[in-house]
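Reading the structure
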Amino acid sequence: MLASTFHFTASETQLKIIPPFLPFRRAALYITGALELLGGYGMLLPRFQRQASQGLAALLVAIVPANIYHAYVYFKHSKPSKARYYHYSRMPIQVLLILLTLWSGSKNNPPAK
């Protein structure tokens, strides 16, 4: 839920991560921020945890292209630094987040009726 706030409070910085060839970048930024926020709230409500975890996992998959683009731009325009480790670890962390999100929504929670 905290990460979703950056979509609104630091939108200019967040827009730099989204590939420029994608249409409706600003709208996509705000929509993904709202979906992250809704998913976070859904995870707090046992009745909706399963659906929220599945939606958040799908969102994490959908933003993989932005993560790849962000790493590409960094490597193309930056000198080697400690930040390189951040970019190297971002994709494995993304996979871990997807798995943890799905796991947390499936723990002893029956589907909502």
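Residues numbered from 1 in each chain as written. Predicted model: local features only at pLDDT ≥ 70, side-chain atom pairs only at ≥ 80, totals over all residues. Heavy atoms only, no water.

**Some remarks on the overall build of the protein chain**
In terms of regular secondary structure, the protein chain is built from six helices and zero strands. Counting helices and strands in the order they occur from the N terminus, the protein chain gives α-α-α-α-α-α. Going through the 113 residues of the protein chain one by one, you find that 30% of them count as buried. Across the protein chain, contacts joining residues at least 24 apart in sequence account for 57% of those joining residues at least 6 apart. Of the roughly 7800 Å² that the protein chain leaves accessible, carbon and sulfur atoms contribute 72%. (Helix = DSSP H or I, 4+ residues; strand = E, 2+ residues; numbered from the N terminus. Buried < 20%, exposed > 50% of the residue type's maximum accessible area, 1.4 Å probe, protein only. Contact = heavy atoms within 4.5 Å. Areas by Shrake-Rupley, 256 points an atom, 1.4 Å probe, with all protein chains shown as cover.)

**Notes on unusual backbone geometry**
With phi around 55°, F24 is a residue other than glycine that occupies positive phi space. By secondary structure assignment, the location of F24 is in the loop between α2 (11-15) and α3 (25-44). Residue class for F24 comes out exposed when judged on its relative accessible area of 69%.

**Re α3**
Spanning 20 residues, α3 covers 29 Å between terminal C-alpha atoms, matching the ideal 28 Å at 1.5 Å per step. Every buried residue of α3 is listed here: L29, T32, G33, E36, G39, G40, G42 and M43. (Expected span 1.5 Å × (residues − 1).)

**Things to note about the environment of K107**
The residue K107 is located in the segment after α6 (83-106) in this model. Here K107 falls in the partly exposed class, since its relative accessible area comes to 41%. Residues K107 and Q49, 58 residues apart in the sequence, show an inter-C-alpha distance of 9.2 Å.

**Structural notes on a nonpolar patch on the surface**
Together, M1, L37, Y41, L44, L45 and F48 line one region of the surface with nonpolar side chains, adding up to about 560 Å² of accessible area. You can see L44 is positioned in helix α3. (Patch = residues over 30% accessible without salt bridge, like charges linked within 9 Å, V, L, I, M, F, W, Y side chains within 5 Å. Salt bridge = Lys/Arg side-chain N within 4 Å of Asp/Glu carboxyl O.)

**Looking at the environment of I31**
Positionally, I31 belongs in helix α3. On the accessibility criterion, I31 (52% relative accessible area) is exposed.

**Description of the packing of helix α1 (residues 2-9) against α3**
Closest axis-to-axis distance for the α1/α3 pair is 8 Å, and the angle between their directions is 155°. In terms of axis orientation, α1 runs roughly antiparallel to α3. Here α1 runs over α3; the crossing is left-handed. Contact with α1, carried on its side by A3, S4, H7 and F8, involves L29, Y30, T32, G33, A34, E36 and L37 of α3 and no other residues of that element. Here the residues of the contact of α1 with α3 sort into six nonpolar, four polar and one charged. (Axes fitted to C-alpha atoms, helices over the stretch in contact; angles between N-to-C directions. Parallel < 35°, antiparallel > 145°, perpendicular 65-115°, else oblique. Left-handed = near helix turned anticlockwise from the far one by under 90°. Nonpolar A, V, L, I, M, F, W, Y, C, P; charged D, E, K, R; others polar.)

**Re the packing of α3 against helix α4 (residues 49-62)**
Across the interface, α3 lies against α4 with an axial gap of 8 Å and an inter-helix angle of 150°. Between α3 and α4, the angle is such that the two are roughly antiparallel. Crossing angle aside, the handedness with which α3 passes α4 is left-handed. Note on element contacts: α4 touches α3 through Q49, A52, S53, L56 and L59, opposite T32, L35, E36, G39, G40, G42 and M43. Its residues assigned to classes, the contact of α3 with α4 comprises five nonpolar, six polar and one charged.

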